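So the chains spell out like this:
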Amino acid sequence: MSRDHSNVNRRTYLTYVGGTAATVGLAGCSDNGGSGEDNENGSDGSDGSDGSDGGDEEQLPEPETREEHLQRANLRLNQRAPWIFLNRQYSVYGIASRLGWDARRDERIEAQAISVTEGEPSVAITQSSMDSGLDPHDHRETPTDNIVVQAYDGVLGRNADGDIIDALATDYERLEDGRVRFEIRDGVTFHNGDELQPSDIAYSVNRVVDPEVGISSPQNDQLAGVTGAEVVDGGVEVTSDGINPIVFSLFASYCKVVQQDWIESRDTSAINSDMNGTGPFQVVEYEQDVEIVYEPYEGYWGDAPEIEELTIRSASEASTRVSQLLAGETDLIVNVPPQEVSRVRDEDTTEVTAVPSTRVVFNAMRYDVEPFSSVEFRQAMNYAIDLDSIIENILQGFADATGQPTLEGFVGYNEEIDPYPQDIEQAEQLVEDSGHAGAEITLETPVGRYLRDVEIAQAVASQIDELSNVSCEVEQRDFASLAGEVTSGDIENMPHFYLLGWGNTTFDASQTIIPLLTSDGALSSYQGDDEVDELMSESQNLPGGN
């Protein structure tokens with residue numbers, strides 16, 4: 001392996017790791033227009049009343065197809081600027097050379113897919129944080145996903161290319177609008193030895209979508225439109241409001257299957273400190289916030305894993321993770337910073353692998369609190385940012401700029417929307433127009449959860465601070481604490497201004513916009529925009545998913 005310590009730019013880096021940036025295909029797109037420079041002098045600004053004005057917007061033809069509805073929603077959101085739109089994150093991993101593993105766009109680390117070519121068949125993974133509890137239906141963060149996915153299976157699954165594959169269901173079909181059916185795999189057992197029943201799958205679906213069944217799951221919107229499930233003639237039938245065009249895609253990404261009796265016989269603490277799934281690994285040891293150790297489940301229905309012992313730990317500082325990998329203390333780490341790529345790459349015992357992920361990184365601004373209740377102020381924050389500089393200097397080109405919540409390659413991506421250009425003069429004028437000149441704001445950011453998250457937040461704050469009429473500072477937060485406030489289901493618990501990333505493994509705009517940017521969204525910081533709400537509601541009743 002080369003020991004060239006020269007700087008690595010994005011092009012040479014991606015060449016090294018196999019040109020993976022080209023793996024995302026393009027979705028078709030109609031011409032809806034929009035540049036992000038509209039909405040001057042929109043008349044809102046009072047708390048909680050955003051979303052109904054901006055009367056100088058160009059009159060566009062009514063959208064007809066589902067994709068056109070989603071593209072129009074993206075245009076509207078670009079114009080109303082509920083976020084500072086930042087970038088698509090690249091997932092950059094460091095891995096011991098003795099292992100074989102291909103990074104996935106959905107950020108899943110499924111240890112079953114890891115092969116061991118040399119040394120002991122034990123593997124340690126170090127991510128940015130540990131779980132927020134082991135209940136597979138009571139979290140929304142990828143670090144927890146990567147811990148529970150080792151033990152729990154889904155109804156359907158996805159391969160490394162993102163394609164839908166069979167899992168606990170061996171067949172599925174749409175019976176009619178709003179009703180689909182799954183045929184359940186025979187001979188599957190939970191880790192306690194009990195056989196999987198169709199009723200366990202129906203219970204798992206209902207536990208996610210119905211707050212009367214056990215918990216009020218923060219994953220409710222991941223099964224958007226699904227209203228319930230029941231056992232019919234040995235299979236499971238799932239009902240939805242309307243067509244629900246992406247229902248199979250939802251089940252390929254979300255809803256892990258639990259055993260009803262096991263869950264109902266335990267209290268919340270017990271469910272969150274042990275796992276009883278049907279997956280390839282079962283829990284041997286669990287120490288909250290420290291580590292979890294697994295061994296293969298001998299009764300697993302699929303191919304047996306190569307690994308005999310799996311350990312997952314965390315280190316919030318990227319430099320710590322890199323040091324542990326280079327010292328041989330761990331085998332696979334997440335979010336290798338761009339400036340550390342050469343160091344990891346050039347060691348004989350370690351390698352780097354990366355893919356453009358399904359995650360958009362953004363700064364959310366709560367619509368119901370000043371000064372972010374003003375559309376002019378939110379637009380000003382976007383005009384204040386030199387996004388190209390952040391991507392080039394902070395992320396060394398390992399990111400793609402975006403001006404909408406939907407990423408390129410997803411159904412609903414609007415190719416006519418460009419990121420906001422930096423325009424200090426216009427930003428300052430919009431701040432004056434908003435009536436919030438002199439505002440002092442704080443950007444809250446997690447530490448180490450996303451690639452260079454703190455550095456991105458510091459750059460954003462510094463650029464806002466350059467405006468003559470706004471001051472901005474950064475507050476670093478523990479990710480679990482920040483995520484807990486955002487996922488609480490109550491907007492009043494959310495920070496006013498925060499950096500977050502959102503992974504969407506359905507490759508469909510609806511699974512970003514509905515939960516984060518509609519009035520009924522479980523994690524929404526932007527509500528009361530009737531146009532967005534209507535577009536998204538109509539899109540869910542039209543054919544055209546993936």
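Check the entry above for the structure.
If you're wondering where the values come from, they're calculated on a predicted model, not measured in any experiment.

Engineer: What is the right way to look at the packing of aromatic side chains in this model?
Structural biologist: Each aromatic ring pair is summarised here by two numbers: the centre-to-centre distance and the angle between the ring planes. Counted by the stated rule, this structure contains 14 aromatic pairs. Each ring, one from Trp 83 and one from Phe 85, has its centre 6.0 Å from the other, and the planes form 55°; the classification is tilted. For Trp 83, a relative accessible area of 1% puts it in the buried group. Overall, the relative accessible area of 4% leaves Phe 85 in the buried class. Look at Tyr 172 and Phe 248: their rings are 4.8 Å apart centre to centre, the planes differ by 45°, and that puts the pair in the tilted class. Of this pair, Tyr 172 sits in strand E7 (residues 169-176) while Phe 248 sits in helix H5 (residues 247-253); the two residues are 76 residues apart in sequence, bridging distant segments of the chain.

Engineer: Before we go on, may I ask you to explain the side chain of Asn 469 in this structure?
Structural biologist: Among the structural elements, Asn 469 can be located in the loop between helix H13 (453-465) and strand E18 (470-477). Under the relative-accessibility criterion, Asn 469 is labelled buried at 6%. A polar atom in the side chain of Asn 469 sits 3.0 Å from the backbone oxygen of Glu 428. Excluding residues within four positions of it along the chain, Asn 469 makes contact with Glu 428, Val 431, Glu 432, His 436, Ala 437, Gly 438 and Ala 439.

Engineer: Quick question: what am I supposed to make of the packing of helix H10 (residues 375-383) against helix H12 (residues 424-434) here?
Structural biologist: What describes two packed helices is the angle between their axes and the distance between those same axes. Contact pair H10 / H12: the axes reach a minimum separation of 8 Å and the direction vectors enclose 165°. When the interaxial angle is binned, H10 and H12 end up roughly antiparallel. For H10 against H12, the interelement crossing comes out left-handed. Residues Glu 376, Phe 377, Gln 379, Ala 380, Met 381 and Tyr 383 of H10 form the contact with H12, whose participating residues are Ile 424, Gln 426, Ala 427, Leu 430, Val 431, Asp 433 and Ser 434. Partitioning the contact of H10 with H12 into residue classes produces 8 nonpolar, 3 polar and 2 charged.

Engineer: Any chance you could explain the pairing of strand E8 (residues 179-184) here in plain terms?
Structural biologist: As a general feature of sheets, a regular strand has side chains that alternate between the two faces. Both E7 and E8 contribute to a ladder of 6 bridges, which runs antiparallel. What sits directly across from Glu 176, in E8, is Arg 179. For E8 and strand E10 (residues 235-240), the ladder comprises 4 bridges, and the chain directions are antiparallel. Along E10, the bridge assignment pairs Arg 181 with Glu 237.

Engineer: So what exactly am I meant to see when it comes to the pairing of E10 here?
Structural biologist: Burial of E10 is extensive: 5 of the 6 residues sit out of reach of the surface. Pairing analysis gives 6 bridges linking strand E9 (residues 226-232) to E10, with the strands arranged antiparallel. Pairing of Glu 230 across the sheet is with Glu 237, part of E10. Linkage of E9 to E10, two consecutive antiparallel strands, is achieved through a turn of 2 residues, within which Asp 233 is found at a positive phi near 50°.

Engineer: What's the story with the environment of Phe 479 in this structure? I'm lost.
Structural biologist: Within the secondary structure, Phe 479 sits in helix H14 (residues 479-486). Separated by 30 residues in sequence, Phe 479 and Arg 449 place their C-alpha atoms 6.6 Å apart. Excluding its chain neighbours within four sequence positions, the residues that come into contact with Phe 479 are Ser 129, Glu 141, Pro 446, Arg 449, Tyr 450 and Leu 500.

What counts as what
- Residues numbered from 1 in each chain as written.
- Predicted model: local features only at pLDDT ≥ 70, side-chain atom pairs only at ≥ 80, totals over all residues.
- Heavy atoms only, no water.
- Phe/Tyr/Trp six-rings, centres within 6.5 Å; stacked < 30°, edge-to-face > 60°.
- Buried < 20%, exposed > 50% of the residue type's maximum accessible area, 1.4 Å probe, protein only.
- Helix = DSSP H or I, 4+ residues; strand = E, 2+ residues; numbered from the N terminus.
- Polar contact = N/O pair within 3.5 Å; in protein donor to acceptor, adjacent residues only side chain to side chain.
- Contact = heavy atoms within 4.5 Å.
- Axes fitted to C-alpha atoms, helices over the stretch in contact; angles between N-to-C directions.
- Parallel < 35°, antiparallel > 145°, perpendicular 65-115°, else oblique.
- Left-handed = near helix turned anticlockwise from the far one by under 90°.
- Nonpolar A, V, L, I, M, F, W, Y, C, P; charged D, E, K, R; others polar.
- Pairing = 2+ DSSP bridges.

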